[in-house]
Amino acid sequence: MSADPYNSSMLLIPLLLLSIVLSPPAQKSKPFATTLTVEQMTGKQAVVETTAGTFIIDLRPDLAPNHVGYFIKLAGEHAYDGTTFHRVIKDGIVQGGDPLSKDPKKKTLYGTGGLGVLAAEHSAEKFTRGTVAAVIRPGEPDSGGAQFFVCVFPQPALEGQYTVFGHVSEGMDVVQKISEAAADDKGAPTERIEMTSVTIRDAPPPEPLAFSTESVAELAAYRAVLETSLGSITLAFMPDKAPETVRSFLRLADAGVLDGTSFHRVVPGFAIQAGYLSTREQPLTDKQQKLVHNLAPEFNDTKHVKGIVSMARGDDPGSATTSFFIVTGDAPSLDGKYTAFAKVVDGMDVVDRIEHVPVNGEAPATRVDLVRVRVLK
């Protein structure tokens, strides 16, 4: 038995069995072969606009040139426009692209159309969150076509059985939302979720990482305003002491990663701590999640006195990620062991207010929210 709570083989096969019952016998014809070269298709993306939002697929002709070529052909013919996501499994998969799904009167046939065109192009590619692969008829590996599915959760049970031809690089929050749509016991959404258009474009050059090119002097000009449920606290940065930590904090703040966390630890006379992601009220988007990583320590000669801000960490000096603390009293035991990177320049009265909230152990008895972090210059 797979430990995966979503065994994709089990999720997809019932729908595909339905297609065998309702579809005409498979025609013995030569599989589609694209006239485009791998080089011509490399670096292409599909922009999938839906009634639930937009997501972007990085196409992978290196893995499956004929599948990518066929997808590009159909997109160019506007074949996907008006089709639906006809099957959803919450946090599992979303499935769509059946040309029959353009017609609401053919709902009982959804999942049976557009197959039997492509020969399998299996690879060793893993079925991770965001993987895009071709739907096939059960027991017919060479029966792919217009239909495809996107993994919302890793699906290792499918590896080597279905053809991967792309990966969602942006908009997985949209795909996730589609998977959560209300559906009947067969996974058919109760309301239509349409692809309004699918267009092919050259992948744009990657955006430079925010706050990656500023000088130390430029970084020092930024301020961060911590808007809490008890008032606002303004931080000034010390990039001369910890430049990469400052860059990381600014990125996290600018992207909203710290918003909705709380001050989860309060130790009077020592520190108040916030930014721990498990206290966040909403999950991170995939784009936000990419900004979260372990930080190399930048221990320095800054003394941990009242108002200094440092990164929290575990036993490993390189385990700091998003959680930080504001020192509320002299703490020389922290000097040289934690990365000090900022200081409070306004709102120490708010820090004092948070420090004196009632606690259960070190946890506030009533949640103290870090509502939002604004970056100013």
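What you are looking at is a predicted structure, and each value in this text was computed from that prediction instead of being measured.

**Details of the pairing of strand β15 (residues 340-346)**
Piece 1. Bridge count between strand β10 (residues 231-237) and β15: 4 bridges; the pairing is antiparallel. What sits directly across from L235, in β15, is V344.
Piece 2. Summarising the sheet, strand β13 (residues 308-311) and β15 pair through 3 bridges and their orientation is antiparallel. In the strand pairing of β15, I308 is matched with K343.

**Thoughts on helix α6 (residues 243-254)**
Piece 1. Between its first and last C-alpha atoms α6 spans 16 Å; for 12 residues at 1.5 Å apiece the expected length is 16 Å, and the two agree.
Piece 2. Burial runs high along α6: 9 of the 12 residues are buried.
Piece 3. Among the residues of α6, those classed as buried are T245, V246, R247, S248, F249, L250, R251, L252 and A253.
Piece 4. Backbone geometry just downstream of α6 places G256 in the positive-phi region, at approximately 80°.

**Focus on the confidence of the model for the protein**
Piece 1. Mean pLDDT over the protein works out to 92, with 93% of the residues at or above the 70 mark.
Piece 2. Confidence over residues 1-26 falls short of pLDDT 50; this stretch has 59 contacts with residues more than four positions distant or in other chains.

**With respect to the pairing of strand β5 (residues 131-134)**
Piece 1. Side chains T131 and A133 of β5 all project onto a buried face; the interleaved residues V132 and A134 project onto the opposite face, where all are buried too.
Piece 2. In this structure, β5 lies alongside strand β7 (residues 164-170), joined through 3 bridges in antiparallel fashion. What sits directly across from V132, in β7, is G166.

**What about the environment of A217?**
Piece 1. Mapping A217 onto the fold places it in helix α5 (residues 216-220).
Piece 2. In this structure the C-alpha to C-alpha distance between A217 and M238, which are 21 residues apart in sequence, comes to 9.6 Å.

**Quick word on unusual backbone geometry**
Piece 1. Even without being a glycine, H78 presents a positive backbone phi close to 60°.
Piece 2. Residue F211 is not a glycine yet carries a positive backbone phi of 60°.
Piece 3. With respect to the helices, strands and loops of the structure, F211 is situated in the loop between β8 (195-202) and α5.
Piece 4. Here F211 falls in the buried class, since its relative accessible area comes to 10%.

**Some words on the sheet that holds β8**
Piece 1. Spatial ordering of the open sheet is given by β3-β4-β6-β5-β7-β2-β1-β8, a layout of 8 strands whose pairing is antiparallel. This sheet does not close on itself; its edge strands, each paired only once, are β3 (85-89) and β8. For this sheet, the mean angle separating the axes of adjacent strands, direction not counted, is 25°.
Piece 2. Pairing of β3 with strand β4 (residues 93-96), which is carried by 4 bridges, proceeds in the antiparallel orientation.

**Re the sheet that holds strand β14 (residues 324-327)**
Piece 1. Spatial strand order, β9-β10-β15-β13-β14-β12-β11-β18: 8 strands in a closed barrel with antiparallel pairing. Adjacent strand axes in the sheet meet at a mean angle of 35°, parallel and antiparallel pairs treated alike.
Piece 2. As defined by bridge partners, strand β9 (residues 223-228) adjoins β10 across 6 bridges and the pair is classed as antiparallel. Counterpart to V225 in the pairing with β10 is T234.

About the thresholds
- Residues numbered from 1 in each chain as written.
- Predicted model: local features only at pLDDT ≥ 70, side-chain atom pairs only at ≥ 80, totals over all residues.
- Heavy atoms only, no water.
- Pairing = 2+ DSSP bridges.
- Helix = DSSP H or I, 4+ residues; strand = E, 2+ residues; numbered from the N terminus.
- Expected span 1.5 Å × (residues − 1).
- Buried < 20%, exposed > 50% of the residue type's maximum accessible area, 1.4 Å probe, protein only.
- pLDDT = per-residue confidence, 0-100.
- Contact = heavy atoms within 4.5 Å.
- Axes fitted to C-alpha atoms, helices over the stretch in contact; angles between N-to-C directions.

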